[in-house]
Amino acid sequence: MTDAPPKISLKNVKKAFGDKVVLDGVNLDVAVGESVVIIGGSGTGKSVAIKCILGLLTPDEGTIEIDGRDVLDMTPREREKLNMQIGMLFQAAALFDSLPVWENVSFGLLAEKRCGRDEARDIALEKMALVGLKPDIADLSPADLSGGMQKRVGLARAIAIDPSIIFFDEPTTGLDPIMADVINKLIVHVNENVGATALTITHDMASAKKIGDRIAMLYEGKIIWAGPPDDVDQSGNDYLDQFIHGRTTGPIKMAIRA
Amino acid sequence: MTMTLGFLQSIGRVFLAFMGTAGRLSLFTISATSHCFRAPWYFRIIGRQMIEIGYYSLPVVGLTAVFAGMVLALQSYTGFARFSAEGAIANVVVLSITRELGPVLAGLMVAGRIGAAMAAEIGTMRVTEQIDALTTLSTNPMKYLVAPRLIAGVTMMPFLVFIADIIGVFGGYLVAVYKLGFNPANYLQNTWNFLEISDVISGLVKASAFGFIVTLMGCYHGYNSKGGAQGVGAATTNAVVSASILILCFDYILTEIFFAK
Ligand SMILES: Nc1ncnc2c1ncn2[C@@H]1O[C@H](COP(=O)(O)OP(=O)(O)O)[C@@H](O)[C@H]1O
Ligand SMILES: [Mg+2]
């Protein structure tokens, strides 16, 4: 492969809550400019994995490197600096409900004092247009928006700081099919034209194939399969097959009793 | 034998849980306080919190103070009449209000109003991952959420209590003059003569300490809340109850420091 260190590298990352093991030795490398999609059932720890990379949770074991630097033993100040080049879309958007929509979108810019408030508002409107939001909602409170609109505001907030790494936690969940496609195209655009490294979580296989250079499946705390989208359909992996076809029979046992 | 062991075990568990909470609270207090003294400061948020605490709490605190002053005048009049010391009621009112009731009542009212609101707001931000979002946007949540509230609480409570002092004394004056028939000039003279600057200052220092306690408890319980709406509800209750107990507890300690010689 290349000589440059991967943008993001997880080695043997483990995380448990109490006795409940969520991540059980995750290994994953994401190259610079690559777009990797993580798929897997609900509750398998996809969000937990991203939170470990972001430093919101501390893994029990293993190492996480960004640009070849171990992020787990960074000082808070170094961590804060690193966060300036990372964008994150939370699963439930996590918008600040004490601030109007436009201030949510430009929050990172203002926090880092990259520009004044007037300019921040202009940039916010521009990013909102990218995700299909009209300027007339700029002064509303996020609580007054529909779930899908909140998601898009969260997306605009994540890309507003022009990050070099961007995480999307279920970006298309809760959107109508057309808007989902707009968001898929936007993620591809951010990844290809802006050159950001992207790590996306999704359940939506159509979306995964559109935005991923590589797809990785998380199951029982491990990455059990990873490969390009074209190989997904003939992977020969029973777990993956069952997941992408949404079958109830197969090696993945649902914890429900008949 | 096993019964004693079980008993000792449960004592041990309670003790460990207590020490764990005390340790977490101490760390939170140290971290929160140190952020109050280090840049950047979010003046916009500090200002908003100051208005919330200092201005919007005025009606509640003022009402409490005026009735406290009125009831003090009435009580001490009827009580002191038994040994013909009615003349002292002006002193009783002004000393009780400035040294004790002003700061304590204002502290308790603000705990109910502000401490609860802070715990609910920060708790909701915790369970909806807004606090995580702050971190990813290069903003330290301790600095952005907690420090401004502590600063506002510590600085605004003395103002609030100073106004409560005036209103409370005025309440006593109303009852003394219009109900008990005291001479207004004499009553004011008595109020003024026996009041020392240290009485007022000690009350204002208490107020500042109570402002710290209320905002700290609101932030601490909100910040550490978990488990959805129920967790936020529990955080709100805990913030008010713990702040109220700590206020009464520190009221005694501070009084001991100021006046026990
Ligand atoms: N802060 C936490 N405390 C305890 N358990 C958690 C916490 N965060 C996540 N979990 C548990 O970890 C598991 C994985 O969660 P998550 O990563 O959110 O799943 P998903 O793959 O659907 O995103 C879930 O069972 C969840 O209950
Ligand atoms: Mg998730």
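Residues numbered from 1 in each chain as written. Chains lettered and ligands numbered in written order. Predicted model: local features only at pLDDT ≥ 70, side-chain atom pairs only at ≥ 80, totals over all residues. Heavy atoms only, no water.

Description of the coordination of the magnesium ion (ligand 2)
Ideal geometry at a metal centre gives angles of 109.5 degrees when four donors are arranged tetrahedrally and 90 or 180 degrees when six donors are arranged octahedrally. All names here are of chain A. Distances from the magnesium ion (ligand 2) to its protein donors, Ser-47 (OG) and Gln-91 (OE1), fall within 2.0 to 2.2 Å. Linking Ser-47 in helix H1 (residues 46–54) with Gln-91 in the loop between strand S6 (86–89) and helix H3 (101–105), this pair joins segments that are 44 residues apart in sequence. For Gln-91, a relative accessible area of 36% translates into the label partly exposed. (Donors = N, O, S within 2.8 Å, 3.2 Å for Na, K, Ca; no water. Helix = DSSP H or I, 4+ residues; strand = E, 2+ residues; numbered from the N terminus. Buried < 20%, exposed > 50% of the residue type's maximum accessible area, 1.4 Å probe, protein only.)

Re the sheet that holds strand S3 (residues 35–39) of chain A
Residues and elements named next belong to chain A. Ordered by their spatial adjacency, six strands build an open sheet running S6-S7-S8-S3-S9-S10, and the pairing between neighbours is mixed. Edge strands, defined here as strands with exactly one partner in the open sheet, are S6 and strand S10 (222–227). For this sheet, the mean angle separating the axes of adjacent strands, direction not counted, is 15°. Two strands pair when backbone bridges link them, and S6 and strand S7 (residues 165–169) are joined in this way by four bridges, in the parallel orientation. Across the sheet, the residue bridging to Gly-87 is Ile-166, located in S7. Packed onto the sheet, helix H7 (residues 177–192) meets S3, S7 and strand S8 (197–201) and runs at close to 150° relative to S8. Across the sheet, helix H9 (residues 238–245) lies against S3, strand S9 (214–219) and S10, angled at about 100° from S9, the strand it touches most. (Pairing = 2+ DSSP bridges. Axes fitted to C-alpha atoms, helices over the stretch in contact; angles between N-to-C directions. Contact = heavy atoms within 4.5 Å.)

Side note on the state of the cysteines
Residue and element names in this part refer to chain B. Taken as a whole and assessed by the stated rule, the structure comprises zero disulfides over all chains. Just so you know, Cys-36 is unpaired, no disulfide at all, and the nearest cysteine sulfur is the one on Cys-219, 9.2 Å from it. Accessibility expressed as a relative area gives 13% for Cys-36, which makes it buried. (Disulfide = S-S within 2.5 Å.)

A word on the sheet that holds strand S2 (residues 20–30) of chain A
Residue and element names in this part refer to chain A. Strand order in the open sheet formed by four strands is S2-S1-S4-S5, with antiparallel pairing between adjacent strands. Two strands in the sheet have a free side with no partner beyond their single neighbour: S2 and strand S5 (69–70). The pairing of strand S1 (residues 8–17) with S2 spans eight bridges and is classified as antiparallel. By the bridge assignment for S2, Ile-8 is matched with Val-30.

A few points about helix H2 (residues 76–83) of chain A
Those residues of H2(A) that sit buried are Arg79(A), Leu82(A) and Asn83(A). Considered in projection along H2(A), the buried side chains sweep an arc of 100° and stay on one side of the axis. Opposite the packed face of H2(A), turned more than 90 degrees from it, sit the exposed residues Arg77(A) and Lys81(A). Tucked into the core, H2(A) has its buried residues touching H1, strand S4 (61–66) and S6 of chain A together with helix H5 (130–136) of chain B. (Arc of directions from axis to C-beta.)

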